[in-house]
Amino acid sequence: MSLGMAQASSPRDPYIHFFQQSLGDFSEELQVAKEDGKKAVMLFFEQDECPFCHYMKNTVLNQPEVQEYFRKHFALFAIDIEGDIEMTDFEGQTMKMKDFAFKLNRVRATPVIAFYDMEGERVVRYIGKTSDADEFMLLGHFVAEGKYKDMRFTKYKREQRK
């Protein structure tokens, strides 16, 4: 990805152009993602007062090129780690969003970016903000191309930046 190209386009609201509206049932979202030919489901665990979450939304997730690539390859949802909204996890269990984040996904600090395969198994977990849109795009390629099966993201990044 050319960061210059991403910055040449006007930033767009990530809640409209990046994240999808969830029906609150991730077992159903998984089925839709399979039918749509997606590579994975990406969950962005966040909280309102998180400066690193705001950084991601204001400098990375708002870039049109990032939005288009991720929307093409992934089902994308934001999860409020303090949320009291009832939801259904990938196995069909109902719980509050905050319990899904903390108890099932061990999210204690934000952001956490987690990718789940088409069986609902977490395959990649990235903690914290990416350094920029380029690194986030590398993370997307790492998952979409299945490279996570062969190596860690740090090795993939090193190889890509040679």
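Owing to the predicted nature of the structure, the values given are computational and were not obtained by experimental measurement. (Residues numbered from 1 in each chain as written. Predicted model: local features only at pLDDT ≥ 70, side-chain atom pairs only at ≥ 80, totals over all residues. Heavy atoms only, no water.)

Q: Talk me through the packing of helix H7 (residues 133–144) against helix H8 (residues 153–160); I want residue IDs and the actual numbers.
A: As a packed pair, H7 and H8 sit with axes 10 Å apart at the nearest point and diverge in direction by 110°. In this view, H7 runs roughly perpendicular relative to H8, as classed from their interaxial angle. Crossing handedness for the pair H7 and H8: right-handed. On H8, the residues that touch Glu135, Leu138, Leu139, His141 and Phe142 of H7 are Phe153, Tyr156, Lys157 and Gln160. Of the residues that constitute the contact of H7 with H8, the class distribution is five nonpolar, two polar and two charged. (Axes fitted to C-alpha atoms, helices over the stretch in contact; angles between N-to-C directions. Helix = DSSP H or I, 4+ residues; strand = E, 2+ residues; numbered from the N terminus. Parallel < 35°, antiparallel > 145°, perpendicular 65-115°, else oblique. Left-handed = near helix turned anticlockwise from the far one by under 90°. Contact = heavy atoms within 4.5 Å. Nonpolar A, V, L, I, M, F, W, Y, C, P; charged D, E, K, R; others polar.)

Q: Residue-level account of the nonpolar core, with values.
A: Met42, Phe70, Phe115 and Phe136 are the most contacted members of the largest nonpolar core, which totals 30 residues. Secondary-structure elements contributing two or more residues to this core are strand E1 (40–46), helix H4 (51–60), helix H5 (64–73), strand E2 (74–80), strand E5 (112–116), strand E6 (122–127), H7 and H8. Ranked by the residues each element gives to this core, the list is headed by H7, at eight residues. In this structure methionine 42 touches Phe18, Phe19, Phe70, Ala75, Leu76, Phe77, Ile113, Ala114, Phe115 and Phe136, once residues within four positions along its chain are discounted. Judged by nonpolar contacts, the second largest core, of 21 residues, contains Leu43, Met95, Ala101 and Ala114. (Core = buried A, V, L, I, M, F, W, Y, C linked by side-chain atoms within 4.5 Å. Buried < 20%, exposed > 50% of the residue type's maximum accessible area, 1.4 Å probe, protein only.)

Q: An account of the packing of aromatic side chains is requested, with residue identities and associated values reported.
A: Applying the stated criterion across every chain yields a total of 18 aromatic pairs. Following the ring pairs from residue to residue traces out a cluster consisting of Tyr15, Phe18, Phe19, Phe44, Tyr69, Phe70, Phe74, Phe115 and Phe136. Sitting over the face of the ring of tyrosine 55, lysine 129 holds its NZ or CZ atom 4.3 Å from the ring centroid. (Phe/Tyr/Trp six-rings, centres within 6.5 Å; stacked < 30°, edge-to-face > 60°. Lys NZ or Arg CZ within 6 Å of the ring centre and 35° of its normal.)

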